[in-house]
Structures are given as structure tokens and as C-alpha cells.
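Residue strings, one per chain:
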Amino acid sequence: MIEKLEDLNMAKPSIIQAASIPKILESPQTNFLFQAMNGSGKTLSFAIPAIMRIDPNIDACQVLIVAHTRELIRQVQAVIDRLTRGTNVTSQIGETISPAKLAHIVVTTPVWI
């Protein structure tokens, strides 16, 4: 993960990332609520711990990310795709799920329209 972040020129975490990532990693079964301004790095705040917990040997959905618009799920998916490129971790947008293949990470909206 460190190499991927360095490739993206992300040498230092944002305030929200520094506050959230360690807490999520140390208590993965706990629910958290974090709030920050647009462009502050919220996506990486939840994506990094989620990706780090994926077991690529388990061929099933292990992370479900729900966002409120299609535009937002595409943005989140793009970030996750960049972080998982070259790894065995797979992700996809929920509206493109086929019964034959399910990714490790599914990014979707509450209702598929």
C-alpha cells in the first residue's frame, strides 16, 4: 500500500486520513463516523483500511461501499482501481455485477436505477 501511495505522490496523509485510518485499522469491527470538507481525502480514509483487510484468496465480496449517487460511486471506484492496480484485489461497480463473477470490493448506490 505504501508503494501505491508513493506512486500517487501521496507522501503525507491529510488531516482526515491521519485521524481515521489508524482508528479503523485498530478496531475493524467498530462503526465510525468521520466528517470532512470536499477534497480532503475522505475516500482514501475508508478505502485504504478496506483494501488492507481484503484476502485475495477468498473469491467473494468482502467490502461493500455504498454512496448516494452514480457519479460518486464512479469516483470512489476510480480511486480504488488506482490503489489495487497490479494486485490480486478486484473491485467493480454494483450495477455491473454478473452472477458469474463477484469482485472483492463492490461500490454501489442503495437503489439501482
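Up top you'll find the structure we're talking about.
What comes next concerns the included structure.

The rules we used
Residues numbered from 1 in each chain as written. Predicted model: local features only at pLDDT ≥ 70, side-chain atom pairs only at ≥ 80, totals over all residues. Heavy atoms only, no water. Axes fitted to C-alpha atoms, helices over the stretch in contact; angles between N-to-C directions. Helix = DSSP H or I, 4+ residues; strand = E, 2+ residues; numbered from the N terminus. Parallel < 35°, antiparallel > 145°, perpendicular 65-115°, else oblique. Left-handed = near helix turned anticlockwise from the far one by under 90°. Contact = heavy atoms within 4.5 Å. Nonpolar A, V, L, I, M, F, W, Y, C, P; charged D, E, K, R; others polar. Phe/Tyr/Trp six-rings, centres within 6.5 Å; stacked < 30°, edge-to-face > 60°. Buried < 20%, exposed > 50% of the residue type's maximum accessible area, 1.4 Å probe, protein only. Pairing = 2+ DSSP bridges. Expected span 1.5 Å × (residues − 1). Arc of directions from axis to C-beta. Core = buried A, V, L, I, M, F, W, Y, C linked by side-chain atoms within 4.5 Å.

Digging into the packing of helix α3 (residues 42-52) against helix α4 (residues 70-84)
Two elements in contact, α3 and α4, have axes whose closest approach is 10 Å; the angle formed by their N-to-C orientations is 45°. In this view, α3 runs oblique relative to α4, as classed from their interaxial angle. Here α3 and α4 pass one another in a crossing that is right-handed. Mapping the contact onto sequence places Thr43, Leu44, Phe46, Ala47, Ile48 and Ile51 in α3 and Val76, Val79, Ile80, Leu83 and Thr84 in α4. Residues of the contact of α3 with α4, tallied by class, amount to 9 nonpolar, 2 polar and no charged.

Section: the packing of aromatic side chains
Within the structure shown, the criterion is met by 1 aromatic pair. Both rings, one in Phe32 and one in Phe34, keep their centres 5.6 Å apart while their planes meet at 20°; by these two values the pair is stacked. Among the residues examined, Phe32 registers a relative accessible area of 34% and is labelled partly exposed. The exposure class assigned to Phe34 is partly exposed, which follows from its relative accessible area of 30%.

Let's talk about the pairing of strand β1 (residues 63-66)
Put simply, side chains in a regular strand alternate between the two faces of the sheet. Alternating residues of β1 divide into Val63 and Ile65, all buried, and Leu64 and Val66, none buried. Direction of pairing for β1 relative to strand β3 (residues 105-108): parallel, over a ladder of 4 bridges. Along β3, the bridge assignment pairs Val63 with Ile105.

Here we look at α4
Compared with an ideal rise of 1.5 Å per residue, which puts 15 residues at 21 Å, α4 spans 21 Å between its outermost C-alpha atoms and is within 8% of the ideal. Among all positions of α4, only Ile73, Val76, Gln77, Ile80, Leu83 and Thr84 are buried. Buried positions in α4, seen along its axis, are confined to an arc of 120° and lie on one side of it. Buried residues along α4 sit against α1 (2-7), α3, β1, β2 (91-93) and β3. Just past α4, the residue Gly86 takes up positive phi, approximately 85°.

Description of the sheet that holds β1
In spatial order, the strands read β1-β3-β2; together these 3 strands make up an open sheet with parallel pairing. Bordering the open sheet on either side are β1 and β2, each of which pairs with just one other strand. When the angles between neighbouring strand axes are averaged without regard to direction, this sheet yields 15°. α4 rests against β1, β2 and β3 of the sheet, and its axis sits at about 165° to β2.

Thoughts on the nonpolar core
Note on soluble globular proteins: their nonpolar side chains tend to be buried together. Counting 19 residues, the largest nonpolar core has Ile65, Ile80, Leu83, Ile105 and Val107 as the members making the most contacts within it. For this core, the elements supplying multiple residues, two or more each, are α3, β1, α4 and β3. Ranked by the residues each element gives to this core, the list is headed by α3, at 5 residues. Val107 has contacts with Ile65, Ile73, Val76, Gln77, Ile80, Gln92, Ile93 and Gly94, leaving out every residue within four places of it along the chain.

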